[in-house]
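# Summary of the model geometry
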Amino acid sequence: MSGTFVGMPAFPKAAHEAVHNATLRGNLRHATHTIRSKRAKAVAEMSDWAALREAGKQIKDHTLRHLDDCLVRLEESVTAAGGIVHWAADADEANRIVVELVKMTGETEVVKVKSMATQEIGLNEALEAEGIHAYETDLAELIVQLGKDRPSHILVPAIHRNRGEIRDIFAREMGEWGRPAPEGLTDTPAELAEAARLHLREKFLRAKVGVSGANFMVAETGTLVVVESEGNGRMCLTLPETLISVVGIEKIVPTWQDLEVFLQTLPRSSTAERMNPYTSTWTGTTDEDGPQTFHLVLLDNGRTDTLADEVGRQALRCIRCSACLNVCPVYERAGGHAYGSVYPGPIGAILSPQLRGTGSEIDASLPYASTLCGACYEVCPVAIDIPEVLVHLRERVAEGGQATRNGNKVVLKPAKGHAAERAAMRAARWAFSHPGALRTGQRLASRTRRFHPRTLPGPGRAWSETRDLPAVPAEPFRDWWQRTQGGKEAEAK
């Protein structure tokens, strides 16, 4: 399993294979429809939802504009509270820091809270390479880990698995990782949850090192916040002697008052709950209460470059609620693995190409993994205009796929583009510059429309395999206008 899904094919190829998996599509359809229906009801209860959404957007935008000052303030607050702050420019540096910190404790096991950032950098693999076993404790993450699988959803990583598949994974793999599954395990949710609880309990009680991410960091006090629904996070955050948190630099908010907005919008947008079941906060260290050593690893890994893009930076507002995945018709049919990233769905289609660049085949294809229907924007609790960023990134790919820094701005690297596209654009420019030729061409197209093919020939065939070409009207617009309006206007004059 790779945190960055290196070597995966481009989205069209991966999606083409996924849509033919009837079991996968059934699992996704049932899960996403259920979640989004519940979310819609939970959001409808809030008369001020639009105001909360706008407040979240404004807070995030303000924070991103002053990110340097907020991060310095956060470091000062965490240090004053007894924590130790580390700065990681990329995944390799973050992994190296965490591995060294674990080795300093002399331990060879860590328990983990569900964390997108640690998946992004491939931390589990880096720890395993050094002989350190990382145990996922979130139920869905446990299923993925035991099944030697990859996450396919931000909120529900094992959304592509049904109960029967989960039972088989537990029965087959739990014994290799610790306490085996009970004999005669069925696929009822209660029995599966109990098997996971018993399996994980021994790890919670034995582990001396915990690894987490964070949903939010409060610069004002140096407080980190984790929201979760199972209680495993709280066990990992309180029982170990050493806690290491790897957090993206964009997860910061300036004050506790700012946090209040997101603690209302995140539960309703993600799990359709009015209030999150477990909201854990910690500030540095305290004698005889919780971990005695706390390390915070602040992760950049492409975020600074993303911040420099005036259009693309809005992706950094994301609070990882996954609402956009649950309404996306493309995700529902293709599943999360097709995106080749730990960030699947619409948000992944704009975040991954910015964090990793658009130089690879998979990242260059992600901005096109959308119908631009806009459903993702409508449900986003921080109003990220995902369709706008998708179009912006498509332009980047068309211009050559690479971006360079010029001061505080991202500049697209010039490129020649596709030869056929260049020829088509030159022809269109000439036609629109010669009205007579354009009129003649329109009339000719109308009179020969019965002979027009329904699909494009040559390179255009792939585009038109699933689409009919627009029908040519029987009469050009100019002729229609002259016939229906031209005479009346002449008489009026």
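Residues numbered from 1 in each chain as written. Predicted model: local features only at pLDDT ≥ 70, side-chain atom pairs only at ≥ 80, totals over all residues. Heavy atoms only, no water.

An unreviewed UniProt entry annotates the chain as LutB/LldF family L-lactate oxidation iron-sulfur protein of Streptomyces lutosisoli.

## Some details on the packing of helix H2 (residues 22–44) against helix H12 (residues 256–270)
Which entries qualify depends on this criterion: Axis lines are fitted through C-alpha atoms, for helices just across the contact stretch, and the angle between N-to-C directions can take any value from 0 to 180 degrees. Helical segments are the DSSP runs of H or I of at least four residues, strand segments are the runs of E of at least two, and each set is numbered from the N terminus. In this analysis, two residues are considered to be in contact whenever any of their non-hydrogen atoms come within 4.5 Å of each other.
Running from N to C, H2 and H12 point in directions that differ by 145 degrees, and their axes come no closer than 7 Å. Together, Ile 35, Arg 39, Ala 42 and Val 43 of H2 and Arg 268, Ser 269 and Ser 270 of H12 make up the contact between the two elements.

## Let's talk about the environment of Asp 61
This is how the line gets drawn: Definition of a polar contact: a pair of N or O atoms within 3.5 Å, with one able to donate and the other able to accept a hydrogen when the atoms are protein atoms, and with sequence-neighbouring residues admitted only if both atoms are side-chain atoms.
Along the polypeptide, Asp 61 turns up in helix H3 (residues 49–65). Between the C-alpha atom of Asp 61 and that of Leu 316, which follows or precedes it by 255 residues, the distance is 8.9 Å. Within the local environment of Asp 61, its side chain forms a polar contact with the side chain of Arg 317, the two groups lying 2.8 Å apart.

## Comments concerning the state of the cysteines
Rule in force here: In plain terms, two cysteine sulfur atoms within 2.5 Å form what is called a disulfide here.
Using the criterion set out here, one finds zero disulfides in the structure. Cysteine Cys 324 shares no disulfide, and the gap to the nearest cysteine sulfur, in Cys 321, comes to 6.4 Å.

## Digging into the pattern of salt bridges
Opposite charge on two side chains allows them to pair when their charged atoms are near. Note the threshold: Criterion for a salt bridge: a side-chain nitrogen of Lys or Arg within 4 Å of a carboxyl oxygen of Asp or Glu. The classification of residues rests on relative accessible area computed with a 1.4 Å probe and restricted to protein chains. Under 20% of the type maximum is buried, over 50% is exposed, and intermediate values are partly exposed.
A complete count under the given rule lists 22 salt bridges for this structure. Notably, a salt bridge pairs Glu 45 with Arg 268, separated by 3.1 Å at the nearest N-O pair. Placement of the pair is Glu 45 in the loop between H2 and H3 and Arg 268 in helix H12, with a sequence separation of 223 residues. On the basis of relative accessible area, Arg 268 is assigned to the buried category, the value being 7%. Of the charged contacts in the structure, one is a salt bridge between Glu 241 and Lys 208, with a shortest N-O distance of 3.7 Å. Taken together, the residues Glu 241 in the loop between helix H11 (232–238) and strand S7 (242–248) and Lys 208 in the loop between helix H10 (189–206) and strand S4 (209–212) connect sequence positions 33 residues apart. Using a relative accessible area of 46% as the deciding quantity, one classes Glu 241 as partly exposed.

## Looking at the side chain of Ser 152
Its location among the elements puts Ser 152 in the loop between helix H8 (139–146) and helix H9 (163–177). Residue Ser 152 is classed as buried on the basis of its relative accessible area of 1%. Here His 160 takes part through its side chain, which lies 2.6 Å from a polar atom of the side chain of Ser 152. Apart from residues lying up to four places away in sequence, Ser 152 is in contact with Pro 157, Ile 159, His 160, Tyr 331, Gly 336, His 337 and Pro 344.

## Observations concerning H2
The line we're drawing: For a helix, the expected span equals 1.5 Å multiplied by the residue count minus one.
The terminal C-alpha atoms of H2, which comprises 23 residues, lie 33 Å apart, in line with the 33 Å expected from a rise of 1.5 Å per residue. For H2, every residue scored as buried is listed here: Leu 24, Asn 27, Leu 28, Ala 31, Thr 32, Ile 35, Arg 39, Ala 42 and Val 43.

## Here's the deal with the UniProt feature "domain: LUD" (unreviewed entry) in the chain
Rules: UniProt positions are given in the numbering used here, feature names are shortened, and annotations may be inferred rather than shown by experiment.
According to UniProt, the "domain: LUD" (unreviewed entry) feature falls on residues 73–298. The span residues 73–298 is 44% helix and 21% strand, and its two end C-alpha atoms sit 13 Å from each other.

## Some thoughts on the pairing of strand S2 (residues 109–112)
To keep it simple, the criterion reads: Whether two strands pair depends on DSSP finding at least two bridges between them.
Taking every second residue as pointing to the same face, both faces of S2 are buried, with Glu 109 and Val 111 on one and Val 110 and Lys 112 on the other. As defined by bridge partners, S2 adjoins strand S3 (residues 133–136) across four bridges and the pair is classed as parallel. Counterpart to Glu 109 in the pairing with S3 is His 133. Of the strand pairs in this sheet, S2 and S4 are connected by two bridges, and their pairing is parallel.

## Here we look at the environment of Asp 309
The topology assignment puts Asp 309 in the loop between helix H13 (303–307) and helix H14 (323–327). Residue classification places Asp 309 among the buried positions, given a relative accessible area of 6%. Put simply, Asp 309 and Gln 354 are 45 residues apart on the chain and 9.2 Å apart in space, counted from C-alpha to C-alpha. Of note is the side chain of Asp 309, whose polar atom sits 3.0 Å from the backbone nitrogen of Val 311. Here the side chain of Asp 309 touches Gly 312 through a polar contact of 3.0 Å, landing on its backbone nitrogen.

## Focus: the sheet that holds S4
The parallel open sheet is built from six strands, whose spatial order is S1-S10-S7-S4-S2-S3. Where the open sheet ends on each side, the last strands, each with one partner, are strand S1 (84–88) and S3. When the angles between neighbouring strand axes are averaged without regard to direction, this sheet yields 25 degrees.

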